[in-house]
Amino acid sequence: MYRRAFVAAAAGAALPASTPARSRRLGYGDVDRMNAKLAAVVSMDDRYGGTPALEEHAAALAQEALDMLQSGTASSRVQSELYAVAAALTTSAMWAAIDGRRMGSGQAHMHQAVTLANLAQNPAVQFRVWGHAAFLYRQLGRQADALAAAELARKSSATRRNPAFASLALARLAVHHANGGDARSALRALGRAEESYTRIDEAANRPPWLRFFDLAEIDSLAASTHLRLGRWEEAEKRAHQSLARLRPDLHRNRALTHANIALAQVGQGDIEHAVASARAVPAAMAVHGRVGNLLTEFTQRLNALAPTSGPAREWAEHRKAIAA
């Protein structure tokens, strides 16, 4: 496929300079095709997480949308829609980089996504960009920037129009407050997120990148909030609820939830169950990205608590085997 595209591009470049380029009129059919490609990217991320291949694919599709805009003509509405899908695809590339802890490329995608979302003037896409930017800043250790980005997402006009956006923004904000040690603000935001969730119209249309959001995700974000506050029993309870409600195709989220359960259990000193929960994470996911980072934290906590115990030795052997 790439070779054919290259040959076609080379043939086009060989045309005489005097040959005028014909601008194609872009329409909603083009928007629909690009949105279908966006939906496929989101589905791949839901299943497998942020692989480098997915990051590269999403970025290439964003460039495809931008190339269409440069070579064609469009109404202002179609132009805005194509900028929006380019921004959403770039944000998918950013999220893949964040999930895989490739911070350098994540920041590059973020700056591009912010620009494209502003060109699109699309509140839903702007919401998504700032929500993911908050996670990027948190992984970079920039707590103030993470909170500021999360607040921008929360204050987006999208959250005023749709309680699904409001609920997700508040649940994520709870995690960021908890990460900064602000228990009061974290628990208040979590309560407001759960209240907003009760007002969601499940029959309403959502963009493809918001279809993942359900009670399992609320429980997952609640578990993350309680983990960061050291509320181990509540964290374990919410993680188990998330696991029970999780869609079967969300393999990456399932791995994250098992890792969170392990962290909650080791926090309570229940090392046998904690190691069993950690071992439930598939080997292919256990050493990469956010899942691998959580399991590294789990290993550190386990070794601080009971470094010479049987479960700790069992876990060390398991880690060695899957890293080989």
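Preceding this paragraph is the structure being described.
Residues numbered from 1 in each chain as written. Predicted model: local features only at pLDDT ≥ 70, side-chain atom pairs only at ≥ 80, totals over all residues. Heavy atoms only, no water.

Participant: Give me the lowdown on the overall build of the protein, citing residues and values where you can.
Facilitator: Along its length, the protein carries 17 helices and two strands. Expected size for 324 residues packed as a compact globule is a radius of gyration near 20 Å; at 22 Å, the protein falls within 12% of this value. When its C-alpha atoms are laid out on the principal axes, the protein stretches across 80 × 45 × 35 Å. Classification of the 324 residues of the protein by burial places 50% in the buried group. Counting only contacts in the protein whose residues sit at least 6 apart along the sequence, the fraction spanning at least 24 positions is 68%. Counting only carbon and sulfur atoms, one obtains 53% of the accessible surface of the protein, whose full area is about 15600 Å². Taking the 39 positively charged and 29 negatively charged side chains of the protein as two groups, their mean positions are separated by 5 Å. (Helix = DSSP H or I, 4+ residues; strand = E, 2+ residues; numbered from the N terminus. Rg over C-alpha atoms; globule rule 2.2 N^0.38 Å. Buried < 20%, exposed > 50% of the residue type's maximum accessible area, 1.4 Å probe, protein only. Contact = heavy atoms within 4.5 Å. Areas by Shrake-Rupley, 256 points an atom, 1.4 Å probe, with all protein chains shown as cover. Lys, Arg positive; Asp, Glu negative; His and termini not counted. Charge placed at Lys NZ, Arg CZ, Asp CG, Glu CD.)

Participant: How would you sum up the pattern of salt bridges? Please name residues and give values.
Facilitator: Here the structure, examined in full by the defined rule, presents 18 salt bridges. Note that R102 is salt-bridged to E55, the shortest N-O span being 2.8 Å. In this pair, R102 sits in the loop between α4 (76-99) and α5 (103-120) while E55 sits in helix α3 (residues 52-71), placing the two residues 47 residues apart along the sequence. With a closest N to O distance of 2.8 Å, D145 and R142 form a salt bridge. Judged by its relative accessible area of 35%, R142 is partly exposed. Counted as one network, the salt bridges with shared partners bring together D45, D99, R252 and R290. (Salt bridge = Lys/Arg side-chain N within 4 Å of Asp/Glu carboxyl O.)

Participant: Quick rundown of the environment of R279? Include the residues and the values.
Facilitator: Tracing the backbone through its elements, the reader meets R279 in helix α14 (residues 271-279). Taking the relative accessible area as the measure of exposure, R279 reaches 38% and is therefore partly exposed. Each C-alpha atom, one on R279 and one on Y28, is 48 Å from the other, the two residues being 251 residues apart in sequence. For R279, the residues in contact, after removing those within four places along its chain, are E314, W315 and H318. Within the structure, the side chain of R279 is placed 2.9 Å from the side chain of E314, a separation counted as a polar contact. (Polar contact = N/O pair within 3.5 Å; in protein donor to acceptor, adjacent residues only side chain to side chain.)

Participant: So, the packing of helix α7 (residues 143-155) against helix α9 (residues 163-179): which residues are in play, and what are the values?
Facilitator: Put simply, α7 and α9 touch, their axes get as near as 9 Å, and they point 165 degrees apart. Comparing the axis directions of α7 and α9 gives the class roughly antiparallel. Crossing of α7 over α9 shows left-handed handedness. Within the contact between the two elements, α7 uses Q143, A146, L147, A150, E151, A153 and R154 and α9 uses A169, L170, L173, H176, H177 and N179. Counted by class, the contact of α7 with α9 contains seven nonpolar, four polar and two charged residues. (Axes fitted to C-alpha atoms, helices over the stretch in contact; angles between N-to-C directions. Parallel < 35°, antiparallel > 145°, perpendicular 65-115°, else oblique. Left-handed = near helix turned anticlockwise from the far one by under 90°. Nonpolar A, V, L, I, M, F, W, Y, C, P; charged D, E, K, R; others polar.)

Participant: Could you give an account of the environment of A53, naming the residues involved and the relevant values?
Facilitator: Here A53 is to be found in helix α3. A sequence separation of 208 residues divides A53 from I261, and the C-alpha atoms of the two residues are 29 Å apart.

Participant: An account of the packing of α3 against α5 is requested, with residue identities and associated values reported.
Facilitator: Following both chains from N to C, one finds α3 and α5 inclined at 25 degrees, their axes separated by 13 Å at the closest point. Taken together, the axis directions place α3 and α5 in an arrangement best described as roughly parallel. Crossing hand, α3 versus α5: left-handed. In this structure, α3 contributes E55, A59 and L66 to the contact, and α5 contributes S105, H109, Q112 and L116.

Participant: So what about the packing of aromatic side chains? Which residues, and what values?
Facilitator: Under the counting rule described, the total for this entry stands at six aromatic pairs. With a centroid separation of 5.7 Å and 75 degrees between ring planes, the pair formed by Y197 and F213 is classed as edge-to-face. Of the two residues, Y197 is situated in helix α10 (residues 183-197) and F213 in the loop between α10 and α11 (215-228); the sequence distance between them amounts to 16 residues. Taken together through their ring pairs, the aromatic side chains of F127, F165 and W209 make up a single cluster. (Phe/Tyr/Trp six-rings, centres within 6.5 Å; stacked < 30°, edge-to-face > 60°.)

Participant: Which residues make up the side chain of E236, and what are the values?
Facilitator: Relative to the assigned elements, E236 resides in helix α12 (residues 232-245). Here E236 is in contact with A264, Q265 and Q268, once residues within four sequence places are set aside.

Participant: Give a description of unusual backbone geometry that names residues and reports values.
Facilitator: With a phi close to 60 degrees, R101 is a non-glycine residue in the positive phi region. Relative to the helices and strands, R101 resides in the loop between α4 and α5. The exposure class assigned to R101 is partly exposed, which follows from its relative accessible area of 34%. The residue Q121 is not glycine, and still its phi comes out positive at about 55 degrees.

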